[in-house]
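Chain by chain, the residues:
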Amino acid sequence: DIPQPSIVVTVGTPRRPRKGENDPDYIYYGETFGRLGFEVGIQLGDQVQVVASPSLKLSPHVLYTNVVEPILRWHFVEKGYALVHGATIAFGDEACIITARTDTGKTTTLLKMLSYQRRDSDQAAFLSDDMTIVSPDGMAMTYPKPLTISYHTLRAVNSRTLKLNEQITLPLQSRIHSRTGRRFAFFISQTHLPAATINMLMQMVVPPPKYFVSRLVPKVKVARQAQLKRMFIIERGEEGIAPIENREAVEVLLQNCEDAYGFPPYEALKEFLYIRNGVDLREKEQAIIRQALEQLPATVVRSNNYEWWSRIPTFVNNEQVSRDITRAREVEATGRAVYGRRREPVSISE
């Protein structure tokens, strides 16, 4: 247990503000079904207190993603850090941050790069998959939450790392939590339906497939922090690699950060969270990100066949990394993948 946590989440009955009450440090959000649905109360202070309805206890992924992580985002900014939407991997002492629109393929790209590194080369190290903490001096720090995978993502690694029942349920989970599923969820959020409650109930019945990186890539090296040296934007499209102005690349990353949020109740909570004592934390967050990334060379990598994983390491100034990737690409051409010193069949289509 943490002696003095910054954020405390408890399950109970969130306090509804009394008529005429105006507490700038408290916000209540609830939908049609009250405590049977999505309902939270947030009290800001030296320690943030979150009270969640009992139903949310049965859907912890929704509680974390839609309430706790937005609080963390702006809490980090208050402390002088930024939580950015990007995967980060280190090759020796060079850390690369990879950003993309949600559901483009960051997780698959990251897992392939980690899987195809030889175990004895000790080069590729995992920092984060979806969110990375960055400091103004360009230091990237690990944010080791579980990876949300899909049935296609699993093909990037040795599927035997999951139990049989997990492999059986993964296709259904993938379909519910796929890009199409999220688009449908955002469509609901534009209506008058209780979108947060519907999302909570759906994930209560079919929880998202989340696994720590060590389950997917056994014996993976995990780094606590590394200095950022490069930035990549991965996109789907005609095959190609092209440099991009740093300023433009940072703008793309900032937009991707915003796209990562937005599902209810974020719209109702965001101004409460980012306006603190008359200070707009959005400006401070952007200043941190720009300062952290302003010197990084940036590259756009486009692919129609999910080959980002084999192109990104070629920019790393490390001969062993280049040899590993060249070897892996040759093996992929035969439809087989490398796991340490062994070769095992694997499908590489996404």
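Below: a short report on this structure. (Residues numbered from 1 in each chain as written. Predicted model: local features only at pLDDT ≥ 70, side-chain atom pairs only at ≥ 80, totals over all residues. Heavy atoms only, no water.)

Comments concerning the overall build of the chain
Inference 1: A count of helices and strands for the chain gives 13 helices and 19 strands.
Inference 2: Counting all 350 residues of the chain, 51% fall into the buried class.
Inference 3: Excluding contacts between residues fewer than 6 apart, the proportion of contacts in the chain whose partners are at least 24 apart in sequence is 72%.
Inference 4: About 17,400 Å² of surface is accessible on the chain, with carbon and sulfur atoms providing 51% of the total. (Helix = DSSP H or I, 4+ residues; strand = E, 2+ residues; numbered from the N terminus. Buried < 20%, exposed > 50% of the residue type's maximum accessible area, 1.4 Å probe, protein only. Contact = heavy atoms within 4.5 Å. Areas by Shrake-Rupley, 256 points an atom, 1.4 Å probe, with all protein chains shown as cover.)

Observations concerning helix α2 (residues 60-78)
Inference 1: Its 19 residues place the ends of α2 25 Å apart at the C-alpha level, agreeing with the 27 Å of an ideal helix rising 1.5 Å per residue.
Inference 2: Of all bends in α2, the biggest is about 35 degrees, found at Val-68, and the proline Pro-70 comes one to four residues later.
Inference 3: By the criterion of burial, α2 is predominantly enclosed, with 14 of the 19 residues buried. (Expected span 1.5 Å × (residues − 1). Bend = angle between axes of the 7 residues up to and from the residue.)

Observations regarding the pairing of strand β17 (residues 298-303)
Inference 1: The element β17 is extensively covered by neighbouring structure, given that 5 of its 6 residues are classed as buried.
Inference 2: In the sheet, strand β13 (residues 225-236) pairs with β17 via 6 bridges, with the strands oriented parallel. Its bridge partner lying in β17, Arg-236 is registered against Ser-303.
Inference 3: Direction of pairing for strand β14 (residues 240-244) relative to β17: antiparallel, over a ladder of 5 bridges. Following the sheet pairing, Ile-244 is matched in β17 by Ala-298. (Pairing = 2+ DSSP bridges.)

Overview of the pattern of salt bridges
Close approach of charged atoms allows side chains with opposite charge to pair.
Inference 1: The final tally for this structure, using the stated rule, is 15 salt bridges.
Inference 2: Measuring nitrogen to oxygen at the nearest pair gives 2.9 Å for the salt bridge that ties Glu-285 to Arg-73. With Glu-285 in helix α11 (residues 281-293) and Arg-73 in helix α2, this pair connects stretches of sequence that are 212 residues apart. Neither residue differs from the other here; Glu-285 and Arg-73 are each classed as buried.
Inference 3: As a salt-bridge pair, Glu-235 and Arg-302 come within 2.9 Å of each other at their nearest N and O atoms. Here the residue Glu-235 occupies a position in strand β13, and Arg-302 occupies one in strand β17, the gap between them amounting to 67 residues. (Salt bridge = Lys/Arg side-chain N within 4 Å of Asp/Glu carboxyl O.)

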